[in-house]
Each structure stands twice: as C-alpha cells, then as structure tokens.
Amino acid sequence: MTSAAGNVPFPTPTPLDPPTLLAAAERSINNPPVGQAANREAIHRAVSTAYYSVFHASNADALAAVPSNRQNPGAWTDTYREMRHGRAARYLQRNLRHLSGPGQRLAQNFSQLKTAREAADYDPNTTIGLQAAQRWIRQARSALAALNTLSLAERVTLANITLYGRP
C-alpha cells in the first residue's frame, strides 16, 4: 500500500499472532536441548508469553477494524497501545456482569494470567514449575477459545471495557 500522496509506503500494522505465541511458549518448555530439562528462565518466559498471547488477542480483537488512516498510519498503533495491563484486568473484573459466560471466563483468565506473568517476570523469589507453566498455557488457550466464541456485540463491549472501563 502507498499513502495518499502515492510515494510513501503505508505500513499495515500487524499484531503478534496469539496461536504462534502459544506454540513458541510450548516449544520452549516441552522441547529443551537433548538431555536437559526446561530451565527456570524458559519456564518463566513461557508463562509470560502465554499471558501476552491473550493480551494481544484481546487488544487486536478490540481493534478489529483494518487500519485505514493513510495520512496518520500511527493512529491505529497508538490506539492498540492504549490498552493497559492493570487497568484492563481491573476493568474486566468490575464489569463481569456485562459479559456472557465465555466473556467472564476470558476476563478471569486474563486477570489470572496477568498475575502469573507479573510473578514470572518481576518476582525473583518465584519459581514456577513445568507443570504450572503448562497449566498457564492451557489457560491461555482456554481464554483464546472463549474470545473466539463471543458475538460481535460482545466483542465491542469487551473492547469498551478493556480500553475505557465501561461497556
């Protein structure tokens, strides 16, 4: 694509792919080098990556519209980056009553995964075992499956909640 002026390429933003993130998390802990177990760093990274698969899916889904402002290609990215981890988790918990069963499962999984990611990334005293990491990856898959069942109307509600704190 080119800009309206015709001479500057219009970079179409591409969010990270959630299933690819989960596959990378699984590979990192389920396929360590021959003769070795998955190390602590790989396990913690896998938990963090599992959370980010849900974060990016929720965020990209909230902005399902194709980026189209060729005069300001950064506008879509700015909006994408507007979702804040802590705020989104708090907003989702406060607005569970506005979501269906799958939407509530997604919200709960999002919040729990965020907490696990923070422990994995920021708490040097936390040690997460392989089975726990595999459980977090399964939970991320469950959250993505729930997201995929939501109607368009509920996805809009979810976007409003995660970005603005209201349905």
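Rules used throughout
- Residues numbered from 1 in each chain as written.
- Predicted model: local features only at pLDDT ≥ 70, side-chain atom pairs only at ≥ 80, totals over all residues.
- Heavy atoms only, no water.
- Helix = DSSP H or I, 4+ residues; strand = E, 2+ residues; numbered from the N terminus.
- Expected span 1.5 Å × (residues − 1).
- Buried < 20%, exposed > 50% of the residue type's maximum accessible area, 1.4 Å probe, protein only.
- Axes fitted to C-alpha atoms, helices over the stretch in contact; angles between N-to-C directions.
- Left-handed = near helix turned anticlockwise from the far one by under 90°.
- Contact = heavy atoms within 4.5 Å.
- Core = buried A, V, L, I, M, F, W, Y, C linked by side-chain atoms within 4.5 Å.
- Salt bridge = Lys/Arg side-chain N within 4 Å of Asp/Glu carboxyl O.
- Phe/Tyr/Trp six-rings, centres within 6.5 Å; stacked < 30°, edge-to-face > 60°.
- Lys NZ or Arg CZ within 6 Å of the ring centre and 35° of its normal.
- Polar contact = N/O pair within 3.5 Å; in protein donor to acceptor, adjacent residues only side chain to side chain.
- Parallel < 35°, antiparallel > 145°, perpendicular 65-115°, else oblique.

S.K.: Outline helix α5 (residues 101-122), listing residues and values.
M.R.: The end-to-end C-alpha distance of α5, which contains 22 residues, comes to 31 Å, matching closely the 32 Å that a straight helix rising 1.5 Å per residue would cover. Among all positions in α5, only G103, L106, A107, N109, F110, S111, L113, K114, A116, R117 and A120 are buried.

S.K.: Could you give an account of the packing of α5 against helix α6 (residues 130-149), naming the residues involved and the relevant values?
M.R.: Where α5 contacts α6, the two axes come as close as 8 Å, and the packing angle between them is 145°. Taken as a pair, α5 and α6 cross one another with a handedness that is left-handed. The segment α5 lies against α6, with P102, L106, N109, Q112, L113 and A116 engaging W136, Q139, A140, S142, A143, A146, L147 and T149.

S.K.: Give a detailed account of the nonpolar core, specifying residues and quantitative values.
M.R.: Formed by 39 residues in total, the largest nonpolar core has its most connected members in V54, L106 and F110. At the level of elements, α1 (18-30), α2 (40-62), α4 (85-94), α5, α6 and α7 (152-164) are the ones that each hand at least two residues to this core. Setting aside residues no more than four positions away along its own chain, L106 makes contact with V54, S58, A143, A146, L147, L150 and L158.

S.K.: Lay out α7 in plain terms, naming residues and giving numbers.
M.R.: The end-to-end C-alpha distance of α7 is 18 Å, a good match for the 18 Å that 13 residues give at a rise of 1.5 Å each. Among the residues making up α7, those that are buried are E154, R155, T157, L158, A159, I161, T162 and L163.

S.K.: Describe the pattern of salt bridges, naming the residues involved and giving the relevant values.
M.R.: Under the defined criterion, the tally for this structure stands at 3 salt bridges. Between E26 and R141 there is a salt bridge, with its nearest N and O atoms 2.6 Å apart. Of this pair, E26 sits in helix α1 while R141 sits in helix α6, and the two are 115 residues apart along the sequence. A relative accessible area of 26% means that E26 is categorised as partly exposed. For D121, the salt bridge is made with R117, and the minimal N-O distance between the two is 3.6 Å. Taken together, the residues D121 and R117, both in helix α5 and 4 residues apart, mark about one turn of the helix. The class for D121 is partly exposed, based on a relative accessible area of 29%.

S.K.: Explain the packing of aromatic side chains to me, and be specific about the residues and the numbers.
M.R.: The way to describe two aromatic rings as a pair is by their centre distance and the angle between their planes. Going through the model one piece at a time under the given rule, you end up with 4 aromatic pairs. Connected via pairs of aromatic rings, a cluster forms that spans Y51, Y52, F55 and F110. We note R135 situated over the ring of W136; from NZ or CZ to the ring centre the distance is 6.0 Å.

S.K.: Any details on the side chain of T162? Residues and values, ideally.
M.R.: When you line up the elements, T162 lands in helix α7. Among the polar contacts listed, one links the side chain of T162 to the backbone oxygen of A159, at a separation of 3.2 Å.

S.K.: Account for the environment of Y91, with residues named and values stated.
M.R.: With respect to the helices, strands and loops of the structure, Y91 is situated in helix α4. Along the primary structure Y91 and Y164 are separated by 73 residues, whereas in three dimensions their C-alpha atoms are 8.0 Å apart. Those residues in contact with Y91 that lie beyond four places of it in its chain are I161, T162, L163, Y164 and G165.

S.K.: Go over the packing of α1 against α6 with me, naming the residues and quoting the values.
M.R.: Their axes nearest at 11 Å, the elements α1 and α6 cross at an angle of 165°. By the angle class used here, α1 and α6 are roughly antiparallel. As for how α1 packs across α6, the hand of that crossing is left-handed. Taken together, the residues of α6 that come into contact with α1 (itself represented by P18, L22, A23, A25, E26, I29 and N30) are L130, A133, Q134, I137, A140, R141 and L144.

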